[in-house]
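Below, each chain spelled out in residue letters.
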Amino acid sequence: MNLESRGRQVGQVTRQLAEARGPVPPFALVRRRHRRRAWRQAALVAAAVVAVAALVMVQVRQQASEEVTSRPRSFGRVATTIHLGGQLSVVRADAAGVWVQRDREVVRVDPRTNRVTARLPMSPSDSELGAVGDGSLWLTHIAQGTVTRVDPATGRTVATIGVPGGDNAPVSMSMAVGPGAVWVDYDLGGTGVVRIDPATNTVATAVKLAKTPAGLAASDRAVMVLTRESGVVYQIDPATNRVVASIPVCRESKAVAYAAGVFWIGCDEGTLLRIDPVTHRVAATVELGPATGSAGGVGADDGAVWVAGLGDVLVRVDPRSNTVVGSGSVTGPAGSYITDMTVGSDAVWLTTSQGTLVRFDPDS
Amino acid sequence: MIRSGGGQRRDASMADPSDQLVYRLPESFESFYEREYHSLVSLGYALTGSWPAAEDLAQEAFLAAHQAWPRISRYEQPGAWVRRVAANRAVSLRRRQLVEARGLLRLAGRHLLGTDADQTHQAEEAADFWRAVRGLPRRQAQAVALFYLEGWPTAEIAGVLGCSDTTVRAHLHKGRRTLARRLGAEPGLGGRS
């Protein structure tokens, strides 16, 4: 028998053997099983993290209790729900407004009127809105491994920038805009981060990482890069473009945000970590409560840290005391869920699976 | 001010488990999952040599697909995306679990083979064949596995592997030539491209 016949026969036999192992397991069961496993694995890491963090927390809380002058009275409220329709997958905010990816276009919502004021088709059409900043929209295109810079006033493509090795079609790309830099992480089966110079629209440098990156946030003094299921985050110094610390965190970090000198990391097991970029350590661990589930989205400003949990739960954390101020369902109809969140224009903005943009106003 | 990234993953990671919600999409995740599950397990087995690892791999790929479903359901071939995830993860899984996988392979083999002599022979043949495939360089192994499991033309395999049609042909040519030598088979290098 030649290789061709043998290969085809083996292919068929393998498929039959796969089917003989049993029917397709219900997906809900698969998810529960993997979640339980992740919990077990995370519990070991978390126990160690909590033990180390406990001493630090005591000190931080003592210090915070002296600093707190007025604690927020309550959680906040849904100010308005704007029906945009379509699939809303990404929301970002800057001084020019709130930007939402709706199917294959980006719409701008004016936070003063809560109305749509612009619609920009995306090119390439299967791009993702990665970030807004430096007066531009920045789109990622996974299949081509490129970043597209778009002028939000005209919708015109200003530049298309390829990441090294991007033609191998990365599995994921994430972006963050920092002062004088646009940072992009990408996963080609273990790759790294590139820094794009927005002045020249070129890749200024590439930082190789040992673990697969999975999201990042940037400030003027540090870039924090999440990694996939490896229990560490990397801190990059934008002055030298070098990794200056590998910080042990939860096993699966899901989201990261920066505000007021601190990075906040949401963990799959329902905790929020406060990372001090000066000491490169977890300065506090906030338990978000059983209703939150996985901390899939994090946003922050000077006054509050916001966490979007699995489903429709939004949690508010006080960054001075590192405690939960309140939480609740914010998406409206039962069964809907949060698809993304951001903070800007004195509000929290959440896109939902029902095609709505929720404006949540915090109580001060 | 937020300086936050990870949007492409983040929207996915917040997806609610409510299955009913995905029925709004052009194809529901459930039907996609039902249709593709056994193919993904087969691919996982070809690339890891372990049925339990293959099921794990397939399930992890589907979990990732479920999380990213609002995005990838818009792709022309969500099946290509989930296969790429599985193929890429198989590489690291094999590195991590090589020793364990060998043990599992023996156990799985016993479980699968049962008492039917013909089945036993076919399963052993398949195990031998995929073992030889896994001995190929990574990209060649992925291309060959997809070629024989799915029966796809090279252009579709290129879509999964994220490379050009020409590159896939080169991988297949080299891979099959090596395989024929190792398995003592006639090359018979016909193509479906």
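The preceding data block contains the structure.
What counts, and where the lines are drawn
Residues numbered from 1 in each chain as written. Chains lettered and ligands numbered in written order. Predicted model: local features only at pLDDT ≥ 70, side-chain atom pairs only at ≥ 80, totals over all residues. Heavy atoms only, no water. Helix = DSSP H or I, 4+ residues; strand = E, 2+ residues; numbered from the N terminus. Buried < 20%, exposed > 50% of the residue type's maximum accessible area, 1.4 Å probe, protein only. Contact = heavy atoms within 4.5 Å. Areas by Shrake-Rupley, 256 points an atom, 1.4 Å probe, with all protein chains shown as cover. Pairing = 2+ DSSP bridges. Axes fitted to C-alpha atoms, helices over the stretch in contact; angles between N-to-C directions. Left-handed = near helix turned anticlockwise from the far one by under 90°. Nonpolar A, V, L, I, M, F, W, Y, C, P; charged D, E, K, R; others polar. 1 Å grid on protein atoms, 1.4 Å probe; cavity = no way out; pocket = protein on both sides within 12 Å on 5 of 7 lines; lining within 4 Å. Points joined across faces, edges and corners; volume = space filled by probe spheres on them. Core = buried A, V, L, I, M, F, W, Y, C linked by side-chain atoms within 4.5 Å. Patch = residues over 30% accessible without salt bridge, like charges linked within 9 Å, V, L, I, M, F, W, Y side chains within 5 Å. Salt bridge = Lys/Arg side-chain N within 4 Å of Asp/Glu carboxyl O. Lys, Arg positive; Asp, Glu negative; His and termini not counted. Charge placed at Lys NZ, Arg CZ, Asp CG, Glu CD. Phe/Tyr/Trp six-rings, centres within 6.5 Å; stacked < 30°, edge-to-face > 60°.

Regarding the overall build of chain A
Here is step 1 of the chain: Within chain A one finds two helices and 28 strands.
Here is step 2 of the chain: Here chain A holds 364 residues, and the buried ones make up 57% of them.
Here is step 3 of the chain: A separation of at least 24 residues holds for 43% of the contacts in chain A among residues at least 6 apart in sequence.

Topic: the overall build of chain B
Here is step 1 of the chain: Helix and strand counts for chain B stand at 10 helices and zero strands.
Here is step 2 of the chain: Shown N-terminal to C-terminal, the secondary structure of chain B runs as helices and strands in the order α-α-α-α-α-α-α-α-α-α.
Here is step 3 of the chain: When burial is assessed residue by residue, chain B has 60% of its 193 residues classed as buried.
Here is step 4 of the chain: Only carbon and sulfur atoms are counted for the fraction: they give 49% of the accessible area of chain B, which is about 7900 Å².

Describing the sheet that holds strand β19 (residues 262-267) of chain A
Paired through backbone hydrogen bonds, the strands of a sheet run either parallel or antiparallel to each other.
Residues and elements named next belong to chain A.
Here is step 1 of the chain: If you walk across this open sheet you meet the four strands as β18-β19-β20-β21, and the pairing is antiparallel. On the outer flanks of this sheet lie β18 (253-259) and β21 (281-287), each paired with one strand and no other. Looking at each pair of strands side by side, their axes are set apart by 25° on average, direction ignored.
Here is step 2 of the chain: As judged from the six bridges shared by β18 and β19, these two strands associate in the antiparallel manner. Directly across from Y258, in β19, lies its bridge partner F263.

Description of the pairing of strand β6 (residues 128-133) of chain A
All names here are of chain A.
Here is step 1 of the chain: The buried fraction of β6 amounts to six of the six residues, a majority that puts the element mostly inside the structure.
Here is step 2 of the chain: The pairing of β6 with strand β7 (residues 136-141) spans five bridges and is antiparallel. Its bridge partner being in β7, A131 is matched across the sheet by W138.
Here is step 3 of the chain: Counted between consecutive antiparallel strands, the loop separating β6 from β7 contains two residues, among which D134 sits at a positive phi close to 55°.

Some thoughts on the sheet that holds strand β5 (residues 115-121) of chain A
All names here are of chain A.
Here is step 1 of the chain: Sheet architecture is open: four strands sit in the order β2-β3-β4-β5, paired in antiparallel fashion. Each edge of the open sheet is held by one strand with a lone partner, namely β2 (88-94) and β5. Between one strand axis and the next, the sheet turns through 25° on average, direction left out of account.
Here is step 2 of the chain: Sheet topology note: the strand β4 (residues 105-110)/β5 ladder contains six bridges and is antiparallel. Within β5, the residue paired with D110 across the bridge is R115.

Observations concerning the packing of helix α1 (residues 3-20) of chain A against helix α2 (residues 29-48) of chain B
Packed helix pairs are characterised by how far apart their axes lie and by the angle those axes make with each other.
Here is step 1 of the chain: Running from amino to carboxyl end, α1 of chain A crosses α2 of chain B at an angle of 115°, the nearest separation of the two axes being 9 Å. Handedness of the α1 of chain A/α2 of chain B crossing: right-handed. Listed contacts from α2 of chain B to T14, R15, A18 and E19 of chain A of α1 of chain A are H38, S39, V41, S42 and Y45 of chain B.
Here is step 2 of the chain: Here the residues of the contact of α1 of chain A with α2 of chain B sort into three nonpolar, four polar and two charged.

Considering the pairing of β7 of chain A
Residues and elements named next belong to chain A.
Here is step 1 of the chain: Burial analysis of β7 places six of its six residues in the buried class, the great majority of the element.
Here is step 2 of the chain: Here β7 shows two buried faces, one formed by S136, W138 and T140 and the other by L137, L139 and H141.
Here is step 3 of the chain: Bridge count between β7 and strand β8 (residues 146-150): five bridges; the pairing is antiparallel. Looking at β8, one finds that T140 is bridged to V147.

Brief notes about empty space enclosed by the protein
Residue and element names in this part refer to chain A.
Here is step 1 of the chain: Applying the stated rule across the entire model yields three cavities of 30 Å³ or more.
Here is step 2 of the chain: Approximately 40 Å³ is the volume attributed to the second largest cavity.
Here is step 3 of the chain: If you go around the second largest cavity, the residues you meet are V106, L120, P121, M122, S123, L137, L139, V150 and G155.
Here is step 4 of the chain: Elements supplying a minimum of two residues to the lining of the second largest cavity: β5 and β7.
Here is step 5 of the chain: Its residues placed into classes, the lining of the second largest cavity shows seven nonpolar, two polar and no charged.

Structural notes on the nonpolar core
Side chains that are nonpolar tend, in soluble globular proteins, to be buried together.
Here is step 1 of the chain: F62, F129, W130 and L179 of chain B are the most contacted members of the largest nonpolar core, which has 65 residues in total.
Here is step 2 of the chain: In terms of residue count, the dominant contributor to this core is α2 of chain B (10 residues).
Here is step 3 of the chain: Excluding residues within four positions of it along the chain, F62 of chain B makes contact with F27 of chain A together with F29, F32, Y33, E36, Y37, L40 and V82 of chain B.
Here is step 4 of the chain: If you look at the next biggest cluster of nonpolar residues, it comprises 17 residues, including M224, L226, A245 and I265 of chain A.

Digging into a positive patch on the surface
Here is step 1 of the chain: Among the surface-exposed residues, K174, R177, R181 and R182 of chain B lie close enough to one another that they form a single positively charged patch.
Here is step 2 of the chain: Structurally, K174 of chain B can be placed in helix α10 (residues 165-183).

Quick word on unusual backbone geometry
Residues and elements named next belong to chain A.
Here is step 1 of the chain: Notably, H280 is not glycine yet its phi reads approximately 60°, a positive angle.
Here is step 2 of the chain: Along the chain, H280 turns up in the loop between β20 (271-276) and β21.
Here is step 3 of the chain: Although it is not a glycine, S345 adopts a positive phi angle of roughly 55°.
Here is step 4 of the chain: Structurally, the position occupied by S345 is in the loop between β26 (338-344) and β27 (347-352).
Here is step 5 of the chain: Residue S345 is classed as partly exposed on the basis of its relative accessible area of 31%.

Points about the environment of P52 of chain B
Residues and elements named next belong to chain B.
Here is step 1 of the chain: With respect to the secondary-structure elements, P52 resides in helix α3 (residues 51-67).
Here is step 2 of the chain: Taking relative accessible area as the criterion, P52 reaches 30% and is therefore assigned partly exposed.
Here is step 3 of the chain: P52 sits 11 residues away from V41 along the chain, and the two C-alpha atoms are 9.1 Å apart.

Quick look at the packing of aromatic side chains
Here is step 1 of the chain: Inspection of the entire model under this criterion finds 18 aromatic pairs over all chains.
Here is step 2 of the chain: Ring geometry for F75 of chain A against W306 of chain A: centres 6.1 Å apart, planes inclined by 45°, an arrangement best described as tilted. Of the two residues, F75 of chain A sits in the loop between α2 (27-67) and β1 (77-83) while W306 of chain A sits in strand β23 (residues 305-308), which places them 231 residues apart along the sequence.
Here is step 3 of the chain: One aromatic cluster in this structure is built from F27 of chain A together with F29, F32, Y33, Y37, F62 and W69 of chain B.

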